[in-house]
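Coordinate inspection notes
If you want the building blocks of each chain, they are given just below.
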Amino acid sequence: FSLNLAADCNAVLKALQPVFQEQGMTETVHNWEDHGYLVTYIKKNGSFANLRIHPHGLVLVDLQSYNDDMKGREEVDQLLNKVEERMKELFDGNIKRVKRLPAILRGGVIDRYWPTADGRLVEYDIDEVVYDEDSPFQNIKILHSKQFGNILILSGDVNLAESDLAYTQAIMGSGKEDYTGKEVLILGGGDGGILYEIVKLKPKMVTMVASNIDQMVIDGCKKHMRKTCGDVLDNLKGECYQVLIEDCIPVLKRYAKEGRMFDYVINDLTAVPISTSPEEDSTWEFLRLILDLSMKVLKQDGKYFTQGNCINLTDALTLYEEQLSRLYCPVEFSKETVCVPSYMELWVFYTIWKKQTGI
């Protein structure tokens, strides 16, 4: 409750006490002279409520219940309804805002809460754990969402859902590129989505390789993410593609030494680091190394596509763009903002190419 006036803490406490006492809850009051009251109410079944009364006019009620059945939820709603009624009686039109938030379900078999890149907590409509395994590199989860289909989550980071064709299209150039007869290198992409979409476009050859690409990611996706990857992960080699389960750094160095060149390089590895603190220096160095090596295997008129990060992370995106001026060769870039459904945020994608120098 946000009030239009200062709160008489004692009056609020006396008004709400009967509501909790009717529930058979035991009361403990903590009183700070200048900072209001904190009151805890505990029920014999382990449920409890915290009532925090701030003198400046903010009253907070937090309720935790161990009843996950319909009856338990109804009891919680009834209690909160009574609290709201008493508050409205007490302040008679002087409540600026009443905000009731949905219950957060903790400790359940299914974890439905995942943070966005810019630090907001999102509750997904997850109703099934499809796959949950630990590989030598990371934890791999595939969870089913009613809205987004199966979602691949790697070490707590939402990677891709079956609904996220927009991501795949954006990191391929948003339908503006002709891949017919072209040589394509994919870095990362273990979910198979990019490979599946490019193979449809009749390229000459697609090579997919990633840093510590995880066979268990491929195994999980080819079984549970087939709307995304189709059948391309069933075999590591096809008519116009190959999947290399190797570290991409040595592969890129080898290709550069051999003089092998690609029309397109698509980097689906780590996103732009969220943090800009010194401990992230190694991540920035890794990204810059990938960029430099990619430019060495990219044809003069080729294009390099990659994801950036959430559009709200302006400092991190600016730092990434600064890295582009530090490569061994001059480059130019453009960027596009796309709504990726399961991310529930706008995502920035980059197109980078070698700067054409006149004679």
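Residues numbered from 1 in each chain as written. Predicted model: local features only at pLDDT ≥ 70, side-chain atom pairs only at ≥ 80, totals over all residues. Heavy atoms only, no water.

Under an unreviewed UniProt entry, the protein has the name Spermine synthase and belongs to Hylia prasina. The heading Sequence similarities (unreviewed entry) in the UniProt record of the protein holds the text "Belongs to the spermidine/spermine synthase family." (UniProt positions renumbered as here; feature names shortened; annotations may be inferred.)

As a further point, take the domain arrangement of the protein. Here the protein is described as being made up of domain 1 (2-97) and domain 2 (162-354). The C-alpha centroid of domain 2 is placed 52 Å from the C-alpha centroid of domain 1. (Domains from an automatic or database assignment.)

Now for the sheet that holds strand S16 (residues 262-268). Strand order in the open sheet formed by 7 strands is S15-S14-S13-S16-S17-S19-S18, and the pairing between neighbours is mixed. In this open sheet, the two strands that pair with only one neighbour each are strand S15 (241-244) and strand S18 (331-340). Between one strand axis and the next, the sheet turns through 15° on average, direction left out of account. With 10 bridges joining them, S18 and strand S19 (residues 345-354) adopt antiparallel strand pairing. (Pairing = 2+ DSSP bridges. Helix = DSSP H or I, 4+ residues; strand = E, 2+ residues; numbered from the N terminus. Axes fitted to C-alpha atoms, helices over the stretch in contact; angles between N-to-C directions.)

The feature "active site" (unreviewed entry), as given by UniProt, occupies Asp268 in the numbering adopted here. Taking relative accessible area as the criterion, Asp268 reaches 13% and is therefore assigned buried. Once residues lying within four places of it in the same chain are set aside, the contact partners of Asp268 are Tyr167, Ile171, Leu187, Gly188, Gly189, Asp191, Ile194 and Gln307. A polar contact of 2.4 Å, which involves the side chain of Asp268, links it to the side chain of Tyr167. (Buried < 20%, exposed > 50% of the residue type's maximum accessible area, 1.4 Å probe, protein only. Contact = heavy atoms within 4.5 Å. Polar contact = N/O pair within 3.5 Å; in protein donor to acceptor, adjacent residues only side chain to side chain.)

For the rest of this paragraph, the subject is helix H7 (residues 248-258). Within H7 the residues assigned to the buried category are Cys248, Ile249, Val251, Leu252 and Tyr255. The buried residues of H7 occupy an angular sector of 165° when projected down its axis, which confines them to one face. Turned more than 90 degrees from where H7 packs its buried face, Lys257 and Glu258 sit exposed. At the N-terminal end of H7, a side-chain oxygen is found 3.0 Å from the backbone nitrogen of Ile249, two or three residues along, and the residue is Asp247. Where H7 terminates, the next one or two residues include Gly259, which has phi positive at roughly 80°. (Arc of directions from axis to C-beta.)

Here we come to helix H9 (residues 314-323). Every buried residue belonging to H9 is among Ala316, Leu317, Tyr320, Glu321 and Gln323, and all of these are buried. Buried residues of H9, seen end-on, are gathered within an arc of 150° and therefore sit on one face of the element.

Our next topic: the sheet that holds strand S12 (residues 157-161). To summarise the sheet geometry, strands pair through backbone hydrogen bonds and adopt either a parallel or an antiparallel arrangement. Here 4 strands make up an open sheet; going across it, the order is S9-S10-S11-S12 and the pairing antiparallel. At either margin of the open sheet sits one strand with a lone partner, and together these are strand S9 (126-134) and S12. Each neighbouring strand pair of the sheet contributes to a mean axis angle of 25°, computed without reference to strand direction. Judged from the 7 bridges that link them, S9 and strand S10 (residues 139-145) form a sheet pairing that is antiparallel. Paired with Asp132 across the strands is Lys141, a residue of S10. Along the sheet, helix H5 (residues 215-224) makes contact with S9, S10 and strand S11 (149-154), crossing S9 at roughly 150°.

Here the focus is the environment of Pro203. Mapped onto the elements of the fold, Pro203 is located in the loop between helix H4 (193-199) and strand S14 (205-209). For the pair Pro203 and Asn81, spaced 122 residues apart in sequence, the C-alpha to C-alpha distance is 62 Å. Not counting the four nearest positions on each side in its chain, Pro203 is found in contact with Tyr179, Gly181, Lys182, Ile198 and Cys240.

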